[in-house]
Amino acid sequence: MKRLELGRGVFMASAVLLASVAGAATTVTTNASNEVTYDVPTGETYTENGSWDATIAKVTKTGGGTLELKAAHPNFTKKDFEIRAGYVKTAQSSNPVGTATVKVSKGAALWYTGASPGQTAKIFTEVDVEGDGPDGKGAFYRTGSSGGDDLIYTLKLTDGATIGGDKRFGVYVLNLNGHTLTNALTGSDTYMFLLCYVS
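Sequence positions are assigned chain by chain, starting from 1 and proceeding in written order. Predicted model: local features are reported for residues with pLDDT of at least 70 only, side-chain atom pairs are reported and counted for 80 or more only, and whole-chain, interface and lining totals are derived from all residues. The side-chain quantities take in all heavy atoms of the structure and omit both hydrogens and water.

A. Local environment of the side chain of threonine 101. The numbering of helices and of strands both runs from the N terminus, where a helix is a DSSP run of H or I of at least 4 residues and a strand a run of E of at least 2. Relative to the assigned elements, threonine 101 resides in strand β11 (residues 101–104). Think of it in three bands: with a 1.4 Å probe and only protein chains considered, a residue is buried below 20% of the maximum accessible area for its type, exposed above 50%, and partly exposed in between. Its relative accessible area of 18% is what places threonine 101 among the buried residues. Not counting chain neighbours up to four residues away, the residues in contact with threonine 101 comprise Lys79, Asp80, Phe81, Glu126 and Asp128. Whether two residues are in contact is decided by their heavy atoms, any of which lying within 4.5 Å being enough.

Rendered as structure tokens:
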């Protein structure tokens, strides 16, 4: 299979409560539909050490702070994980959000710091992005270790979006969906592998 490397630039086109460590002002709530919301205020970091089980219907991150996911979530399948504000950060190289579709709103970002050189197993099934992230660095932000040549199976734009960070990563399917993708990756090892393209 041929691989296209994209450099910098613009491309058109039940209450289940988990074992956690929280900042003082962070709240985690579960509603009657078994949807979990993490509200992490700006300046706070909430570290989730537990794993979401199959009974959880949806996960939402709100607030301007950072939710850091330490555990794998293999049982969180075919559901939605919405990042409405702030960062969600993870280094997990296996099922960091199960097979959920990650939906990143304007002003929010998914921040990935894991994977190893030569890794070909997908980490995220689908990531839907819009906007430039909390601080203009990208709605998908990639730092940490080099690797992740098939990091995201499908990257879909729901509006104009920026990707950023300082490490390369791979996308199997890029769906611009009629929007504009800006690559703001910086440094010498910063390009996006594109294995398949959908306009």
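B. Spatial organisation of unusual backbone geometry. Even without glycine at this site, asparagine 34 takes up a positive phi of about 65 degrees. Relative to the assigned elements, asparagine 34 resides in the loop between β4 (27–30) and β5 (35–39). Even without being glycine, lysine 78 reaches a positive phi, approximately 55 degrees. Tracing the chain through its elements places lysine 78 in the loop between β8 (66–69) and β9 (80–83). Residue classification places lysine 78 among the exposed residues on the basis of a relative accessible area of 78%.

C. Seen up close, the pairing of strand β7 (residues 58–62). Here β7 lies mainly inside the structure; five of its five residues are buried. Of the two faces of β7, the one lined by Lys58, Thr60 and Thr62 and the one lined by Val59 and Lys61 are each fully buried. Strand pairing follows a simple DSSP-based rule, namely that at least 2 bridges must link the two strands. In this sheet, β7 lies alongside β5 in parallel orientation, the contact comprising five bridges. Bridging across to β7, threonine 37 finds its partner in threonine 60.

D. Focus on the packing of aromatic side chains. Stacked, tilted and edge-to-face are the three classes assigned to paired rings of Phe, Tyr and Trp, where Trp is represented by its six-membered ring and a pair needs centres within 6.5 Å; plane angles under 30 degrees give stacked, over 60 edge-to-face, the rest tilted. With the rule as written, the count across this model stands at 11 aromatic pairs. For the pair tyrosine 112 and phenylalanine 124, a centre-to-centre distance of 5.5 Å together with 85 degrees between the ring planes defines the contact as edge-to-face. Separated by 12 residues along the polypeptide, tyrosine 112 in strand β12 (residues 108–112) and phenylalanine 124 in strand β13 (residues 124–131) bring together distant segments of the chain. Its relative accessible area of 0% is what places tyrosine 112 among the buried residues.

E. Here's a closer look at the environment of arginine 142. Looking at the secondary structure, you find arginine 142 in strand β14 (residues 140–142). Since its relative accessible area comes to 0%, arginine 142 is described here as buried. Along the primary structure arginine 142 and leucine 110 are separated by 32 residues, whereas in three dimensions their C-alpha atoms are 8.5 Å apart. In the analysis that follows, any N or O atom pair within 3.5 Å is treated as a polar contact, provided that within protein one partner can donate a hydrogen and the other can accept it, and provided that, for residues neighboring in sequence, both atoms belong to side chains. Of note is the side chain of arginine 142, whose polar atom sits 3.0 Å from the backbone oxygen of glycine 114.

F. Focus on the pattern of salt bridges. Criterion for a salt bridge: a side-chain nitrogen of Lys or Arg within 4 Å of a carboxyl oxygen of Asp or Glu. The final tally for this structure, using the stated rule, is six salt bridges. Notably, a salt bridge pairs glutamate 68 with lysine 70, separated by 3.4 Å at the nearest N-O pair. Judged by relative accessible area, glutamate 68 falls into the buried class, the value being 19%. A relative accessible area of 44% means that lysine 70 is categorised as partly exposed. In this structure, arginine 84 engages glutamate 82 in a salt bridge whose closest nitrogen and oxygen atoms are separated by 2.9 Å. Ionic contacts of the salt-bridge type, sharing partners, join the residues Lys58, Glu82 and Arg84 into one network.

It is worth stressing that arrangement in space is one thing and function is another; only the former is reported here.
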